Every structure is written in structure tokens, then in C-alpha cells.
Protein chains: 2
Amino acid sequence: MVSVMATPMPKKLFHLLVVNLTLTEIVLSGNVLIWPTDGSHWLNIKIILEELNLRNHNVTVLASSATLFINSHPDSPVNFEVIPVSYKKGTIDSLIEHMIMLWIDHRPTPLTLWTFYKELGKLLDTFFRINTQICDGVLSNATLMARLQKAGFDVLLADPVTICGDLVALKLGIPFMYTLRFSPASTVERHCGKLPAPASYVPAALSELTDQMTFGERVKNTISYPLQDYIFQSYWGEWNSYYSKILGRPTTLCETMGKAEIWLIRTYWDFEFPRPYLPNFEFVGGLHCKPAKPLPKVLWRYTGKRPATLGANTRLYEWIPQNDLLGHPKAKAFITHGGTNGIYEAIYHGVPMVGVPMFADQPDNIAHMKAKGAAVEVNINTMTSADLLNALKTVINEPSYKENAMRLSRIHHDQPVKPLDRAVFWIEFVMRHKGAKHLRPAAHDLTWYQYHSLDVIGFLLACVATVIFLVTTCCLFSYRKFGKTGKKKKRE
Amino acid sequence: MVSVMATPMPKKLFHLLVVNLTLTEIVLSGNVLIWPTDGSHWLNIKIILEELNLRNHNVTVLASSATLFINSHPDSPVNFEVIPVSYKKGTIDSLIEHMIMLWIDHRPTPLTLWTFYKELGKLLDTFFRINTQICDGVLSNATLMARLQKAGFDVLLADPVTICGDLVALKLGIPFMYTLRFSPASTVERHCGKLPAPASYVPAALSELTDQMTFGERVKNTISYPLQDYIFQSYWGEWNSYYSKILGRPTTLCETMGKAEIWLIRTYWDFEFPRPYLPNFEFVGGLHCKPAKPLPKVLWRYTGKRPATLGANTRLYEWIPQNDLLGHPKAKAFITHGGTNGIYEAIYHGVPMVGVPMFADQPDNIAHMKAKGAAVEVNINTMTSADLLNALKTVINEPSYKENAMRLSRIHHDQPVKPLDRAVFWIEFVMRHKGAKHLRPAAHDLTWYQYHSLDVIGFLLACVATVIFLVTTCCLFSYRKFGKTGKKKKRE
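Residues numbered from 1 in each chain as written. Chains lettered and ligands numbered in written order. Predicted model: local features only at pLDDT ≥ 70, side-chain atom pairs only at ≥ 80, totals over all residues. Heavy atoms only, no water.

*Asks:* Talk me through the environment of Trp269 of chain A; I want residue IDs and the actual numbers.
*Replies:* In this fold, Trp269 of chain A is placed in the loop between strand E8 (263-265) and strand E9 (281-283). Counting along the chain gives 92 residues from Trp269 of chain A to Met177 of chain A, while the straight-line C-alpha distance between them is 21 Å. Setting aside chain neighbours within four positions, we find Trp269 of chain A in contact with Pro274, Arg275, Tyr277, Phe283 and Lys372 of chain A together with Pro279, His438 and Leu439 of chain B. (Helix = DSSP H or I, 4+ residues; strand = E, 2+ residues; numbered from the N terminus. Contact = heavy atoms within 4.5 Å.)

*Asks:* Tell me about the UniProt feature "transmembrane region" (unreviewed entry) in chain A, and name the residues and values.
*Replies:* As recorded in UniProt, the sites labelled "transmembrane region" (unreviewed entry) are residues 456-479 of chain A. Structurally, residues 456-479 of chain A is divided into 100% helix and 0% strand, and its ends, taken at the C-alpha atoms, are 34 Å apart. (UniProt positions renumbered as here; feature names shortened; annotations may be inferred.)

*Asks:* Account for the state of the cysteines, with residues named and values stated.
*Replies:* Residues and elements named next belong to chain A. With the rule as written, the count across this model stands at four disulfides over all chains. Sulfur-sulfur distance for the disulfide between Cys135 and Cys164 comes to 2.2 Å. Since a negative S-S torsion denotes a left-handed disulfide, the Cys135-Cys164 link at about 125 degrees is right-handed. Residue Cys135 is located in helix H3 (residues 113-139), and its partner Cys164 is located in the loop between strand E6 (155-158) and helix H5 (165-172); the two are separated by 29 residues in the primary sequence. Comparing Cys135 with Cys164, the two get one shared label, buried. Disulfide pairing is shown between Cys192 and Cys254; the S-S distance is 2.1 Å. Taking the torsion about the S-S bond as the criterion, the Cys192 to Cys254 disulfide, at about -90 degrees, is left-handed. Here Cys192, found in helix H6 (residues 187-192), pairs with Cys254, found in helix H8 (residues 253-257); they are 62 residues apart in sequence, far enough to count as distant. Each member of the pair, Cys192 as well as Cys254, is classed as buried. Should the bonded cysteines of chain A be numbered as they appear in the sequence, the pairing reads 1-2, 3-4. (Disulfide = S-S within 2.5 Å. Buried < 20%, exposed > 50% of the residue type's maximum accessible area, 1.4 Å probe, protein only.)

*Asks:* Outline the pairing of strand E3 (residues 31-35) of chain B, listing residues and values.
*Replies:* Residues in a regular strand project their side chains so that they alternate between the two faces of the sheet. All names here are of chain B. For E3, the tally of buried residues reaches five of five residues, placing the bulk of the element in the interior. Because side chains alternate across E3, one face comprises the buried residues Asn31, Leu33 and Trp35, and the other comprises Val32 and Ile34, equally buried. Pairing of E3 with strand E4 (residues 58-64), which is carried by four bridges, proceeds in the parallel orientation. Across the sheet, the residue bridging to Ile34 is Val61, located in E4. Handedness of the crossover is the feature at issue here: the chain leaves E3, passes through helix H1 (residues 40-54), returns alongside E4, and the resulting connection is right-handed. Note that E3 and strand E6 (residues 155-158) share four bridges and pair parallel. (Pairing = 2+ DSSP bridges. Right-handed = clockwise from strand over helix to strand, strands pointing away.)

*Asks:* Run through the domain arrangement of chain A, naming residues and quoting values.
*Replies:* All names here are of chain A. One can read the domain layout of chain A as domain 1 (2-287 + 418-445), domain 2 (300-413) and domain 3 (449-491). Using C-alpha coordinates to define each centre, domain 1 is positioned 26 Å away from domain 2. Listed by partner, the interface residues are 33 residues for domain 1 and 26 residues for domain 2. Across the pair Asp361 and Arg181 runs a salt bridge, and its minimum N-O distance is 3.2 Å. Across the contact surface, domain 1 and domain 2 share 13 residue pairs in polar contact (both at pLDDT 80 or more). (Domains from an automatic or database assignment. Salt bridge = Lys/Arg side-chain N within 4 Å of Asp/Glu carboxyl O. Polar contact = N/O pair within 3.5 Å; in protein donor to acceptor, adjacent residues only side chain to side chain.)

*Asks:* Please set out the nonpolar core residue by residue, giving values where relevant.
*Replies:* Grouped together as the largest cluster of nonpolar side chains are 264 residues, with contacts concentrated most on Trp35 of chain A together with Trp35 of chain B. Top element by residues in this core is helix H3 (residues 113-139) of chain B. It accounts for 13 residues. (Core = buried A, V, L, I, M, F, W, Y, C linked by side-chain atoms within 4.5 Å.)

*Asks:* I'd like to hear about helix H4 (residues 142-151) of chain B, residue by residue, with values.
*Replies:* Residue and element names in this part refer to chain B. Taken as a whole, H4 has its buried residues at Leu144, Met145 and Leu148. Down the axis of H4, the sector holding all buried residues measures 95 degrees, keeping them to one side. With respect to the buried face of H4, the exposed residues turned more than 90 degrees away are Ala142, Thr143 and Lys150. Backbone geometry just after H4 places Gly152 at a positive phi near 65 degrees. (Arc of directions from axis to C-beta.)

*Asks:* Could you give me a rundown of the side chain of Asp364 of chain A, with the residues and numbers involved?
*Replies:* All names here are of chain A. Within the secondary structure layout, Asp364 lies in helix H11 (residues 362-371). Although Asp364 is buried, it makes no salt bridge; Arg181 carries the closest opposite charge, 5.4 Å away. Excluding its chain neighbours within four sequence positions, the residues that come into contact with Asp364 are Ala204, Ala205, Leu206, Ser207, Glu208 and Leu209. (Lys, Arg positive; Asp, Glu negative; His and termini not counted.)

*Asks:* Go over the sheet that holds E9 of chain A, please, and point to the residues and values.
*Replies:* Residue and element names in this part refer to chain A. The seven strands are arranged E5-E4-E3-E6-E7-E8-E9 in an open sheet whose pairing can be described as parallel. Two strands lie at the open edges of the sheet, namely strand E5 (79-83) and E9, each paired on one side alone. Neighbour-to-neighbour, the strand axes of the sheet open up by a mean angle of 20 degrees, direction not taken into account. Docked against the sheet, helix H1 (residues 40-54) engages strand E3 (31-35), strand E4 (58-64), E5, E6 and strand E7 (176-180), running at close to 155 degrees with respect to E4. Relative to the sheet, H3 contacts E3, E4 and E5, its axis offset from that of E5 by approximately 110 degrees. (Axes fitted to C-alpha atoms, helices over the stretch in contact; angles between N-to-C directions.)

*Asks:* A description of the sheet that holds strand E13 (residues 353-355) of chain B should follow, citing residues and the corresponding values.
*Replies:* All names here are of chain B. The parallel open sheet is built from three strands, whose spatial order is E12-E13-E14. Edge positions in the sheet fall to strand E12 (334-336) and strand E14 (375-377), since each has one partner strand and no second. In this sheet, adjacent strand axes meet at a mean angle of 20 degrees when their direction is disregarded. Both E12 and E13 contribute to a ladder of three bridges, which runs parallel. Across the sheet, the residue bridging to Thr336 is Gly355, located in E13.

*Asks:* Describe the packing of aromatic side chains, with residues and values.
*Replies:* Evaluated as defined, the whole model comprises 39 aromatic pairs over all chains. Here Trp239 of chain A and Tyr243 of chain A contribute two aromatic rings whose centre-to-centre distance is 6.1 Å and whose plane-to-plane angle is 90 degrees, an arrangement assigned as edge-to-face. Taken as a pair, Trp239 of chain A and Tyr243 of chain A lie in helix H7 (residues 215-247) at a separation of four residues, close to a single helical turn. Accessibility expressed as a relative area gives 0% for Trp239 of chain A, which makes it buried. On the basis of relative accessibility, which here comes to 0%, the residue Tyr243 of chain A falls in the buried class. Pairwise contacts between aromatic rings join Trp269, Tyr277 and Phe283 of chain A together with Trp269, Tyr277 and Phe283 of chain B into one cluster. Sitting over the ring of Phe425 of chain A, Arg432 of chain A keeps its end group 5.3 Å from the ring centre. (Phe/Tyr/Trp six-rings, centres within 6.5 Å; stacked < 30°, edge-to-face > 60°. Lys NZ or Arg CZ within 6 Å of the ring centre and 35° of its normal.)

*Asks:* For unusual backbone geometry, give the residues involved together with the corresponding values.
*Replies:* Residues and elements named next belong to chain B. Unusually for a residue other than glycine, Glu208 sits at a positive phi of about 60 degrees. Mapped onto the fold, Glu208 is located in the loop between helix H6 (187-192) and helix H7 (215-247). By relative accessible area, which is 23% here, Glu208 ends up partly exposed. Of note in this structure, Ser453 is not a glycine but carries a positive phi near 55 degrees. Relative to the elements of secondary structure, Ser453 occurs in the loop between helix H15 (448-451) and helix H16 (454-491). Residue classification places Ser453 among the buried residues on the basis of a relative accessible area of 7%.

Structure below.
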């Protein structure tokens, strides 16, 4: 039982539309294999597999032995297949820490861009070594592969930030689909998914730009795309060899990723700037959000030593349910590092934000919320307590921030089908139809120069040049021949 | 009460998903103004307004006094506002006849292309004169405009094949949206709606091409776009003046059309080749289809004199319900002129087709069905009865045609929300939120050269040229200065 509630009109209450979507499942269930990514990515995918479980599907998660977060309640019916790896949890922790420090020290600006991408490239190298251990741990483990084969999976759902899920699916002969927030410069979505991204109004990821750009910003954006692509090329080069080796024929990472049936993107038009997309891209942002449950009266999540100055009315918790907190009627503002999950909880409950972004998509996410008038940003490197206080006062006291947050919330809640139901619908669609080939653009069958019609343009230019050459030659010839004859005649 | 039924799996019946969408409407209803187009276009839009009526909205249709089809049952609650025009029904009849004959005589091929578009241009001229009469009939009629203003409409739904609906909406100060199948070469969708259409895999309308093109076909396609645009430019020129006059400021038809909140497109991915689109484009093809009702045993729609050779088991009807006929279990094949409405009824019921296309989108529609393996085409100009019989035998006896028609049918029926419900959802969304600006791409705010980043590319090329010039100059200068010094030194 699923409900999509339309929010009442600001002025004219002519509509209160309640859509109830009843899902009746009959007969047997499907068999879903999950290829997750650790950290906050897992929190998002976990919601999907819990829903799949609720709808009677069997879910199996492939997770490395050094996972940070990937687990479930002991009474959860989700199966886990552990992939033994030689690195430890500390390796992942330190990789994430390096990633954060890279951003804090070299947050990409026109001046730091080159250093930033060079350092990012180094991190990607480390990531490649860790990731190939996970891949090998599955693909080279004949017993595990045989067990997976025997289990008869209907679909594999992969977070492509950890590479290889697609390879596992191909080896098992089953369709696969992706769930992701973004790749830098949308390189993966653009090159492997064939998602168009006109540089004139679609800001490159990590650029912190919006869809309203000045000339200078459009120059920056136009440069951002190939620059980020370039960084990825070297990373991809290693994967291309790996993929070719595993599949036993010359191929590329991108060609393989292009075989994904559906791309579930973790945003929606409440967050995204409107942009072109493809029928096999489904925007399911905020699928983890739900109505808030009641809370104790005062709280503060804090794991350090209790500060001496703390008032008697403040209770400290090691962990608090952020969604319930944001849904509390007294939640006036949200100080956030700008992760997509948190941003969506704020959108869902219509809470304005103070963004203190740290790394990855966080600066971009806050840029989106700023552009939509629902957030103020504070720089983590330079901020003082006064800056933070002023930012808080601004989003709380200037009514436009609350109004815009509420507007985004109304957009989020007023969809024909809820994001989680759409995500699950398309997973089930791929299981029912053994794929979704009818949504896959023919762009995948073209080379890059064919895709951009460069061969056609070249041919047409050659035709024009030939015509000009022939006409010019004829004219010159005629002029020489008949011009002379004319002169001769005149003389005669 | 709306139901989306998932079709059972071909081999493994692990799922039978029934989605029930219950729509509960509370409080007041909305007020919808319709700007229709005559002919088969009306049949499609009529379904939407009947549904709007069922959901308690007031619907008013603006129709000319010379309409062919635009009417409703006497007991229908739809209101009609008649626009007095001086031309007669015969004028429209003859215009459509001319249109059909143009296609039959000059069906666009590389040889007839120029004649075809020249003749089409002439027809568009006639259409302009008829259309401006309708526009003037509303916009210059102060009493009618005052009455419409007073009625307090929440949204205007326009079929943009009859131009001016947008102008009426702007004059009334209400949001508007479109419902359309296509415009030639998608000129309107591309230029006014900013819909991307890469010529490498998105076939131009009227080209009869598919998404799988040879080099030669891609050349044809790449030429088709600007050629069709060119024909439209002259037609648009007249409308630009008209629009500027009415709005009292320099504007264009396209700029005004770009203000549409949502574009409801009368196709879906069962019919379309996968292509890029925008969040304010919603593909609601087949919204008029419904389960078939039982039929009498034998039928034939025929309005002429009863042929003497007719068998006793054939009954003639002036009109038969095509949808019910196609849904009859004994319907083996569908001989169709290839109109979108009919094609969708065949897709809905999974019936293979023999296409005898005549004009407008019909040759394209049949090309789509041929490419998807659900139809055979017969040329209306050259066909013999043997050709028709062979085509019928092919689609009936070769199982692939039925299988492909059933595959398209399964795709059609397996959507998260039915097309009619999606269409109505977005109409109601625009009423609830007074628009859908969050879906409108920023591409609308750019000039054509900004959109294609030509200014940025020009600037970057100029930078590169400057750097090359400076480096070359420096090198030359150094060579002259230090080269000579070197020589001097050598001499010394």
C-alpha cells in the first residue's frame, strides 16, 4: 500500500488529490543480486532491497570482507555472500579520509583545478587496486560463481562506483541495472550511458555551477567536461584491460557499462536542473525518505566527551534518526555537510539548509540548493562561529528560504508514483521482461564520430568543396576559352 | 479506479503484478480550457476531456463554427464556445484532401523532396489564413475574451497544430500545455521546446527512417532536419508578425510556444525509438485505448452501394468501433492507413498490421512498426490485390509479426501509470502548482549560438590562436635576435 499525497494549493484549495497505489503480488518471487558500494551509498541501496524483500523477492548482497557499513539486522531475510579481500577496513577509512582532505585542501577552483585532478587521479589508482581485489574475489572464485549461477538470479542491481557488477552479471548471463548519484563530469553517464549534456546549460558535476551561467561560467563548464573526462581516461585504461581479460575479447569498461538496462539516478527535478535525459534513466531521488516518527524532546548526536558548558536541557545521543528529526514541526533549519541522502530528507520535510560541504558531490549539492533558494553555504576552511550563526539566522529569519524549501517539498511529494515504487517497478520490469531493451538508445551502436555526425558533416563539406571546385574550374575554363574567342572575334 | 496490468512472463510466471490506482478527489474542481485541432486530433483530445470531466473538472472547448468533428454527446457536460469564421466545412475538407493528394503524388523521396516541400509550403499558406481567422475570432472578440476571463480558467490545453492557443492563454494570464503527435522534422519540439534530436540516431519526422541508419541514411537524415526547418521558417515568419502584433512587443511564435508548461506527446516507447527528451515532455501514447467490448459476429464498415459479389455472411456498417474489433480474439491482422490512434489500438491489443499509409505521420508510423517487426507496408500508389493479399498472409502466417505485436503490447501495458492517468496527472499538477517551471530547461534562456556553445568555442579557439601567435612571434623574434647574435659570435 503506497500513497502519493498532493500538497494543498498555496492560495486556492481546489484540489486535494490522494493517490493510493495498491500492489498485489501473486505467485512466485524474483531473485535479485546486489553489487553495492560502501559508506552512505549502502544506506540508499539498503532501502531498495528492504522494499524488494517486502515484495517477496529474494535478495543476495555481494560484499567484501572489509566492509564498513554493509550489513543488515540479524533477523533480516537478506542473504550475504562475503568476498574475501586482503585489505582491511582501515584501508577504506583512510581512502575516504584522503578523499575528504583532497577536497578540503584543493577544492576545485580555476587555480587548483590541475592539482586537484592530479591528486584525484592518484586516489583513483588506489581505488583501482582495492576494486580489482573485490572483482577478482568473485570472478576468480569458481565455487562462489558456481553457487551464484545455481541460485538463478533474475537481475543484478549494481552501484557502479564499485566497478565490476556488470561483469559479474555478464558472466552469470543475467540483465543488470545501475543505481547511482553521479560520476565526475557525468563521464560515465555521458560516455557509457549516452546521456546528452549540452555544456551551455547542464553544469558539469563537481563544477558547483548552475543552469544559469554567465559567459565566463560557460567557458569554465565547457572546459570542465573534457578535463574531467581526461582524468577518467587514464583510470579507464586500466579497467579496459581488465574487462578485456575477463571477457576474453577486446572490450572497454564503457562498452560493458552501456549494456545496463536501466539507470536509477538518486535525484529528481526538485533537486536537478531540468536537463535532457533518456528513457532508460529513471530519477528516483529521495526514495529513502518517509514520514517522521515522534522524537524525545531535546537531542544532540555527539560521541565525544560531554562538554562542561552543556546546558541541562540538552541530551546527547550516539545516533539519532535524522529523518524523524527533520520531520519534527520544530525543525527550523538543517546544518548539513550536503550528502544527497540528507539533502533529500530536508527536501522531503521542507526544511531550509545551512550547507558546510566537504567532498565529492557535496559542494555541488549545496550549489543546487543555493540556486533553488533553499540553502546558505558556509566554507568549512574559513568559517567562524559568527559565520555559522549568521547563516542559521538567515535561513531561519528570511522567509524565502522556508518558502523555497516548502516548494521543493511540494514538488517532491506531487509525483505520479513515489520514487521507491518507481525504482522497484523498473527492477521488477527488468525481471518480468528479462531486460528493457526498448528503452536503450541506438546511440550505443555508433562510434563517437558517427554519434556526433562528424563523418556525415565531413562528407557534406567534401561535396560542397567538390561542387565549388568544379564550378570554379568550369568558370575559369569557360573564361579562358570563350573570353579569348570573344577577344579574337572583337579583333576580327 | 484505474488499473495497470502487468502481462505474465513468457516463460517464467514469477510475477503477476496488479497495480490499482485509486484517485480520490476532494473539495472543488478545476477549470480547463481546450484549444483543439479538428479531425482525428479531436478524437484523441476528447478522451482527455472526458476523463477530466469524470474527475469533476469543468471543461470548455473553443471550436470554430466550421468544425468537422469537434462536438460531444448532447448529454455531455462539456461546454462549447463557438468561434465564428467565414470559411465553411468544405474548406477544411478540401485542405485535408489536398494534403492527402500531395503525399500520394509527391511522397517525399530524395527525388521529390523539393517539389514536396514547395507544395507543402503552399498548403501551409492556406492553413495560415484559416488559422488566423480562428485566432482573430477569439482574440479580437472582446465579449468572448471577457467571458473567458470571467470564467477563471486554471489551465489551457492546446493542440499546437492549430496555432494560437498559447496566445489565448497568455492573454488570459493562465498557464498552458500542449498535446501533440509531432511537427514536421520535430521543428516545433526542437526549436521551441528545446528537445534535443541528434541526427545520428533520431530520425527526422517524415523521413521514414529508423534509429538504425546506414551512412547514406544518416546523410539523408542530417539534410532532412534543416530542409524541413527551412520550410517552417517562412511559415513562422508570418506568425512572428502576428504574435508580435497581438502581444504588442517584438516576439516570435517559437518564443511563445517555449512557455508551455508540459508537452504531452501522443506516443510511448512501444512506438518511439529511444531518444533524448526533457522532463517537461511526457509520452502518453495510446491514452485512448481500452479493453474491447463484445462485437456482433461478422462486420464490415462500408458506406457505398452494397457490392453485388458480397457474401451473405458479411454485414455492412456505416461505423464500427475499431478498438473493440481489434480487441476481438479472432482479429488476426489490421489493415490500416497508419494513423497514430489506430496504430495504438493495434499495439494495445497486440495485432500485427498491414500498413497502407497515405499522408502526414502515417508513412513514418508504419516505418516504426516495420522496424519493430509488427507490420508490413503496401504502397497505395502501386499496390495490386495480390500485394495486399500477400502482405496479409505474411503478417498472419509468419509468427514473428504476432510475437512482435504482442511484445509491443506487453511494453504498453507494463507502465507504472497508465498514459491517460499520466496525462491527467500533469494537467492537474499544472492547475495545483500554477505551472511546472521546475521541469523547464534553462535552454529557453539562451540564444541559438549560446545553446550550441558557439560563442564559447569561438572564444577558446581565439585563445588558442592568440597563444600560438604569441609563441610563434616570440620564437621568431628570439631566433632573429639570438640567431643573428649567434652567427655574429661565430663570425667573431
